[in-house]
Amino acid sequence: MGFFVKKRGVSMGLMFLCVFALWVLQIQGAGRESFSRNSSSSLPSSVNVGALFTYDSFIGRAAKLAFVAAIEDVNVDQSILRGTKLNIVFQDANCSGFVGTMGALQLMENKVVAAIGPQSSGIGHIISHVANELHVPFLSFAATDPTLSSLQYPYFLRTTQNDYFQMNAIADFVSYFRWREVVAIFVDDEYGRNGISVLGDVLAKKRAKISYKAAFSPGADNSSISDLLASVNLMESRIFVVHVNPDSGLNIFSVAKSLGMMGSGYVWIATDWLLTALDSMEPLDPKGMDLLQGVVAFRHYTPESDNKKRFKARWKNLRSKESLKSDVGFNSYALYAYDSVWLVAHALDVFFSLGNTVTFSNDPNLRNTNNSNIKLSKLNIFNEGERFLQVMLEMNYTGLTGQIEFNSEKNRINPAYDILNIKSTGPQRVGYWSNHTGFSVVPPETLYSKPSNTSAKNQRLNEIIWPGEIIKPPRGWVFPDNGQPLKIGVPNRVSYKNYASKDKNPLGVKGYCIDIFEAAVQLLPYPVPRTYILYGDGKKNPSYDNLISEVAANSFDAAVGDVTIITNRTKFVDFTQPFIESGLVVVAPVKGAKSSPWSFLKPFTIEMWAVTGALFLFVGAVIWILEHRFNEEFRGPPRRQIITVFWFSFSTMFFSHRENTVSTLGRFVLLVWLFVVLIINSSYTASLTSILTVQQLTSRIEGMDTLIASNEPIGVQDGTFAWKYLVNELNIAPSRIIPLRDEEEYLSALQRGPRGGGVAAIVDELPYIKALLSNSNCKFRTVGQEFTRTGWGFAFQRDSPLAVDMSTAILQLAEEGKLEKIRKKWLTYDHECTMQISDTENYQISVQSFWGLFLICGIVWFIALTLFCWKVFWQYQRLRPEESDEVRARSEEAGSSRGKSLRTVSFKDLIKVVDKREAEVKEMLKEKSSKKLKAGQSSGENSQSKDHETPRLDR
């Protein structure tokens, strides 16, 4: 944690000169015993550890109690250090960089193996050079400046969390509520500057930024703070991130309250300093809680454990034992201070167990100053300091603050923070943040076993009460009372003025785009002071790319008009939701197409004609099969039957077939087929009618591909993006592209054509082309397809919050139907033209349109044929035994029939059955049944006569 540095602007060399000049000061603090060894053991009898912090501070008062408790616990615990006593030497930094540096040097005189501290980031930068020289590790429990982790300070080890992670948490918080800009209020020292610098870097990665940095000097009075906050209040952003010291930071909120900056619409985010101050106050002041109502504050998260609970329960006894005031509250830095002592103890235990010893030697770099009055001989190098530092970096155990383990950058693993909302009753936790999962409402340690997931949909926070006791998250920005109105650039067009043009009304402009912008502004929940400024000389259409560049360069706050949203422009400005669709199309002269003598074939595709003809033949064959046994009209010589099949098939097209169907299956098949024919005839008639009645137009330009392949000139509207698109994207030679000023030049160039000095076609955006075709009495048409799909939107400066709010307003206009009303007001034309040339292929009917109907027809035919075949086979089976007996009798008389194939005889017999009339087959079945009946009766009489003759023979 950074603290006030009362002397500023002193160079590093001058600082050390002053320190060494005052080296004659008496050493203060406990633990002045010389380093000694236990004669009965190889372990030292005692080891000195230094502690450097500011006694009279929120952090210092809590840390001192923690140090005393930790030393007692370590020396009492027989499982660690095994008889070696740990001594602690205190030095007061007194909130001064100069005094803190002297205190660090005084600690070094005591031959400490490690120094716990400093508390101040500013002092940490200075004394890290001392640590580098003397190889004494410094373990800071409160210096959170991210730059202290640099490679420049190898002996600096942070036992608390790095502010780098806290700034990431704040940036995630800003992104969570979709704010784009914040104002940073910070103390102007190493702690404040470096922390805010990291915040700016992290916000930039999330497309947010610090719009203003408000720094005040350490020890600033309320008057200076009031002037600073008054200037901050003039900014647009209402998101304030406060990164100051706990001992003086509360003054900021009291001044902000007096300036009316703690009401609704404001957002105050405080780093861990605020909860450090509040946790150190016992009891909490109700007036102070009312002052801080709605503030969101971060605090180092330390997991709950039994050891932590027992330590907090000892806190009151520790205060009594040290005869400290009752208002020495417990804060998170007390836990880090306690764990720092234990980290040294555990590391020493491992260090000694590896056979290492503690020795010091003179620094040869300091021996050259013996002629000086400054006594440097007491400063010694810790010979095993680098080895001892490495042991500490490899430690892995659980302390009061959680898992104590360091990564490769010497930072504590698993950084996490509490997010608290200050209410009138006190701070209330609304969630947690960790670099493992981002925001959550459950303790971070419960999520470490799961895969890391920081996606937006996985972030959770409980409800927050904002300043002014509102629940809805503030918008985060306003138009300042003394701010200038928005400067809105409007293209000063010379053509298509119904979109945007100059006018004498109070606004100074009018048009379709202006009306949409004004309607959207009226839906915003706040006033938007604005002034419209025409862009262009009025003699030709201005360059829209240049207009966008003016917005990006802050010459305009926004651009309103027929501005196309394209990729290159989105790199420099933010666009709203499109309010009209657009895209490039090709316009070319057209002429009437000549009528073809084969037009009657166009309603169907070739495939459709082929499939339909095949179906007509197939249905004739099916009907013949089903009717052949019943209907005399389907019998006779083969030639007659073939003619009948063809005639019946195609006569059904006109429902003029003369043959009657007799069989049930035949009638069912014909009924379904006639329904199919009805649909086909109706579709053919409708398609042919459309082809013959709709005017057929043709153009030698078929689309963009035709233009690219040719060398003819192409017209584009002056000032639009079409020129660059054709040159850069489609690689068309710039010499072929002719800029056209207005509609008259459009029409003239198209009518003259390439041979008359005009153009073969025009490439322009769809809204313009609709107006052009209407004004030309539909003499031209678009050819080909629309080959880009974009839209028009309003352009704002990068990261402008207005872009998001205006997009929401445009969507609301669309949902309420107001966009359509504005379109009808400005874009309704006397002659509405068909945009594209009608192609006869659009009216052709393909097989795909009827495959379902053909499938149903095929299923019906299959069922009918299956039933017919089953019936014939059944009849054949009943007739077959009788016929086989005759065959067998003939074979016995001839004696030479055994060589014939039974299968061939059976197939011929089956064909005979199929070819016979149904009446004949029924008669044959009736005769066979009679014969079977008579045969059965005769066999019965014969059996009875035999029964009568048998007794006579016996007698």
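Everything discussed here concerns the structure shown above.
Small disclaimer: the values here were computed from a predicted structure and weren't measured.

### Here's the deal with the overall build of the chain
Piece 1. For the chain, the count of helices and strands is 29 helices and 33 strands.
Piece 2. A separation threshold of at least 6 residues defines the contact pool for the chain, and within that pool the share at least 24 residues apart is 74%.
Piece 3. Total accessible area on the chain is roughly 46000 Å²; 53% of this is exposed by carbon and sulfur atoms.

### A look at the sheet that holds strand E30 (residues 761-765)
Piece 1. In space, the 5 strands of this open sheet follow the order E29-E28-E30-E25-E31, with mixed pairing throughout. A single partner strand is all that each edge strand has here, and the edge strands are strand E29 (737-740) and strand E31 (780-783). Across the sheet, the mean angle from the axis of one strand to that of its neighbour is 35 degrees, orientation sign disregarded.
Piece 2. Relative to E29, strand E28 (residues 714-717) is paired through 4 bridges, and the arrangement is parallel.

### Describing the pattern of salt bridges
Piece 1. A complete count under the given rule lists 25 salt bridges for this structure.
Piece 2. Notably, a salt bridge pairs Asp418 with Arg299, separated by 3.5 Å at the nearest N-O pair. Of this pair, Asp418 sits in strand E15 (residues 416-423) while Arg299 sits in strand E10 (residues 296-300), placing them 119 residues apart in sequence.
Piece 3. By relative accessible area, which is 3% here, Asp418 ends up buried.
Piece 4. We note a salt bridge from Glu816 to Lys818, for which the minimum N-O separation is 3.3 Å.

### Regarding the packing of helix H11 (residues 306-321) against helix H12 (residues 332-353)
Piece 1. For the pair H11 and H12, interaxial distance at closest approach is 12 Å and the crossing angle is 110 degrees. On the basis of the axis angle, H11 is roughly perpendicular to H12. On H12, the residues touching Lys308, Phe311, Arg314 and Trp315 of H11 are Ala334, Leu335 and Tyr338.
Piece 2. For the contact of H11 with H12, the per-class residue count stands at 5 nonpolar, no polar and 2 charged.

### What to know about helix H4 (residues 121-134)
Piece 1. Over its 14 residues, H4 extends 20 Å from the first C-alpha to the last, a length consistent with the 20 Å expected when each residue adds 1.5 Å.
Piece 2. Taken as a whole, H4 carries its principal kink of about 35 degrees at Ile127.
Piece 3. In terms of burial, H4 is largely enclosed, as 11 of its 14 residues are buried.
Piece 4. Considered for burial, the residues of H4 that qualify are Ser121, Gly122, Ile123, Gly124, His125, Ile126, Ile127, Ser128, Val130, Ala131 and Leu134.
Piece 5. Of the residues flanking the start of H4, the one acting as N-cap is Ser120, its side-chain oxygen 3.2 Å from the backbone nitrogen of Gly122.

### A short note on the environment of Ile269
Piece 1. With respect to the helices and strands, Ile269 occurs in strand E9 (residues 267-270).
Piece 2. The buried category is assigned to Ile269, whose relative accessible area is 0%.
Piece 3. The spatial distance from the C-alpha of Ile269 to the C-alpha of Val182 is 9.9 Å, given a sequence separation of 87 residues.
Piece 4. Excluding residues within four positions of it along the chain, Ile269 makes contact with Ile170, Phe173, Val174, Ile239, Phe240, Val241, Val242, Val296 and Phe298.

### Some thoughts on the pairing of strand E25 (residues 584-589)
Piece 1. Of all the 6 residues making up E25, 5 are buried; the element is thus mostly covered by neighbouring parts of the structure.
Piece 2. Pairing between E25 and E30: 4 bridges, direction antiparallel. In the sheet register, Val587 faces E30, and the bridge partner there is Ile762.
Piece 3. Bridge count for E25 against E31 is 4 bridges, and the pairing is antiparallel. Paired with Val587 across the strands is Thr782, a residue of E31.

### A few points about the pairing of strand E2 (residues 85-92)
Piece 1. Buried residues dominate E2, accounting for 6 of its 8 residues.
Piece 2. Where strand E1 (residues 46-53) and E2 come together, 8 bridges link them in parallel fashion. Residue pairing in the sheet places Gly50 in a bridge with Val89 of E2.
Piece 3. The parallel pair E1 and E2 is bridged by helix H2 (residues 58-76), and the resulting crossover is right-handed.

Here is what the cut-offs are and how they apply
- Residues numbered from 1 in each chain as written.
- Predicted model: local features only at pLDDT ≥ 70, side-chain atom pairs only at ≥ 80, totals over all residues.
- Heavy atoms only, no water.
- Helix = DSSP H or I, 4+ residues; strand = E, 2+ residues; numbered from the N terminus.
- Contact = heavy atoms within 4.5 Å.
- Areas by Shrake-Rupley, 256 points an atom, 1.4 Å probe, with all protein chains shown as cover.
- Pairing = 2+ DSSP bridges.
- Axes fitted to C-alpha atoms, helices over the stretch in contact; angles between N-to-C directions.
- Salt bridge = Lys/Arg side-chain N within 4 Å of Asp/Glu carboxyl O.
- Buried < 20%, exposed > 50% of the residue type's maximum accessible area, 1.4 Å probe, protein only.
- Parallel < 35°, antiparallel > 145°, perpendicular 65-115°, else oblique.
- Nonpolar A, V, L, I, M, F, W, Y, C, P; charged D, E, K, R; others polar.
- Expected span 1.5 Å × (residues − 1).
- Bend = angle between axes of the 7 residues up to and from the residue.
- Polar contact = N/O pair within 3.5 Å; in protein donor to acceptor, adjacent residues only side chain to side chain.
- Right-handed = clockwise from strand over helix to strand, strands pointing away.

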